[in-house]
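Each chain is listed here by its residues.
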Amino acid sequence: MLSISPDAIVKPGARPGNPCFSSGPCAKRPGWSLDALSGALLGRSHRAPDGRARLNEVITRSRAILGMPDDWKLGIVPASDTGAVEMVLWSLVGQRPVDVLAFESFSATWANDIVAQLQIPDARVLRADYGRLPDLGQVDWSHDVVLAWNGTTSGVRIPDGSAIPADRDGLVICDATSAAFAMDLPWDKLDVVTWSWQKVLGGEAAHGMLALSPRAVRRLEQAPAPRALPKIFRLTSKGKLIEGIFRGDTINTPSMLCVEDALDGLRWAEAIGGLPALVARSQANLAVVSDWVARSDWAAFLAGTAAERSSTAICLTIVAPWFRALDAETQARAARRIVALLEGEGVALDIGSYRDAPPGLRLWGGATVESGDLRALMPWLDWAEAQVRAEYA
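Cut-offs applied
Residues numbered from 1 in each chain as written. Predicted model: local features only at pLDDT ≥ 70, side-chain atom pairs only at ≥ 80, totals over all residues. Heavy atoms only, no water. UniProt positions renumbered as here; feature names shortened; annotations may be inferred. Core = buried A, V, L, I, M, F, W, Y, C linked by side-chain atoms within 4.5 Å. Buried < 20%, exposed > 50% of the residue type's maximum accessible area, 1.4 Å probe, protein only. Helix = DSSP H or I, 4+ residues; strand = E, 2+ residues; numbered from the N terminus. Axes fitted to C-alpha atoms, helices over the stretch in contact; angles between N-to-C directions. Parallel < 35°, antiparallel > 145°, perpendicular 65-115°, else oblique. Left-handed = near helix turned anticlockwise from the far one by under 90°. Contact = heavy atoms within 4.5 Å. Domains from an automatic or database assignment. Buried area = accessible area lost by both parts, 1.4 Å probe. Salt bridge = Lys/Arg side-chain N within 4 Å of Asp/Glu carboxyl O. Polar contact = N/O pair within 3.5 Å; in protein donor to acceptor, adjacent residues only side chain to side chain. Nonpolar A, V, L, I, M, F, W, Y, C, P; charged D, E, K, R; others polar. Pairing = 2+ DSSP bridges.

- As recorded by an unreviewed UniProt entry, the chain carries the name phosphoserine transaminase and is attributed to Gluconacetobacter diazotrophicus.
- Per its UniProt entry, the chain bears the Catalytic activity (unreviewed entry) comment "O-phospho-L-serine + 2-oxoglutarate = 3-phosphooxypyruvate + L-glutamate".
- Of the chain, the UniProt comment under Pathway (unreviewed entry) reads exactly: "Amino-acid biosynthesis; L-serine biosynthesis; L-serine from 3-phospho-D-glycerate: step 2/3."

Below, the structure is given as structure tokens:
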């Protein structure tokens, strides 16, 4: 077999205008600059009327864009999506048996919390390998069910809500951090939905969003948590929901700079056409990668089923014979080398697969990413793979 010198491999001409393809924090909206934050209430109390009004504006604009039912509650909570999920698990789980879908890193974390930390005795963990969903037909919907709508580290998503019965007995607790604002969520099939600012709308980190259905609120008020809760997890007081959380009275101090940035992203989403436009932009990004994968002789989607492929966390695996011939440690090193070459050229930043996932690439395809930038990146992926293939040859 003839070896090719890496120096002989020609670099593509065009470059992405924005090389930020990280899966969190994600790319800022097109045209964003620091000027977007010029109206931030810096040095002001978040509990003052103006501060509370800005926080409530995040809530009301988010509800409107997502088409959330009027009888749902939406609040801003600490510690990003992780904090929102943990609040709910510690506050709600334990009244019924629990089924947990674990098919990537974060959903596996929720399973571990339920089994090892909360020690729910009748919990069932329904597992699947990276790239696959658990068998939804095995879920007992009379149980409380904990799931991620979109696997941020596996690129696998739940395609729709058809498997979830409308007349279920248990609550469906949905981690939607990389799905909200990019996918249509079936609100009538869910009871708790969480997400964070730093994903689809490109906001800054550390703030979570928690949405509760009337069924979830009834559970909170009628069946107190069977465990002691720290203040940062408490959603009720004297048997009633703390309504202020869902009007902008946050549990702890938020960053008003991040609040202004979140509002900027929401206003941009409204200006381009709301949720349908956001979904369309993300689907267009997936289409760019899909077209390239169909022609590639070395890359494939980690998610084998097309209907289950994420349009936000687009995860790719390397299937070239030269790569598969390597041992696991060398595969990981070769994948990191591809990532490093792309970063060195300044054409793609932070696109390595998640640390627990199979070696490969992960491209963010949320609404703030321009399809043209992904299109410009595809030849660079081929260039970097050819470089590393030549090195290992």
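**Quick word on the nonpolar core**
Then comes step 1: By size, the foremost hydrophobic cluster in this structure holds 96 residues, and its most contacted members are Trp149, Phe181, Val193, Trp195, Leu363, Leu377 and Leu381.
Then comes step 2: Here the element with the most residues in this core is helix α9 (residues 371-392); it accounts for nine residues.
Then comes step 3: Counting residues in each nonpolar core, the second largest holds 32 residues, with Met87, Val88, Val100 and Phe246 among its members.

**Some details on the packing of helix α2 (residues 80-92) against helix α3 (residues 105-117)**
Then comes step 1: Contact geometry of α2 with α3 gives a least axis separation of 11 Å together with a crossing angle of 30 degrees. When the axes of α2 and α3 are compared, the pair comes out roughly parallel. Crossing of α2 against α3: the hand is right-handed. Between α2 and α3, the residues in contact are Asp81, Thr82, Val85, Glu86 and Leu89 and Trp110, Asp113 and Ile114, respectively.

**Let's talk about the domain arrangement of the chain**
Reports often express the size of an interface as the amount of accessible area lost when the parts come together.
Then comes step 1: Segmentation of the chain into domains returns domain 1 (34-268) and domain 2 (273-389).
Then comes step 2: Each of domain 1 and domain 2 was reduced to a C-alpha centroid, and the two centroids are 28 Å apart.
Then comes step 3: Each side of the interface is counted separately: domain 1 has 26 residues, and domain 2 has 25 residues.
Then comes step 4: Carbon and sulfur atoms supply 64% of the area that domain 1 and domain 2 bury against each other, a total of about 2,100 Å² over both sides.
Then comes step 5: Inspection of the region where domain 1 meets domain 2 yields zero salt bridges.
Then comes step 6: Along the contact surface separating domain 1 from domain 2 lie six residue pairs in polar contact (both at pLDDT 80 or more).
Then comes step 7: Sorting the residues of the side of domain 1 that touches domain 2 by element identifies α1 (49-66) and α3 as the ones contributing at least two each.
Then comes step 8: For the side of domain 1 that touches domain 2, the residue count by class is 13 nonpolar, 10 polar and three charged.

**What to know about the pairing of strand β3 (residues 123-127)**
Then comes step 1: Bridge count between strand β2 (residues 98-102) and β3: five bridges; the pairing is parallel. By the bridge assignment, Asp99 is partnered in β3 with Arg124.

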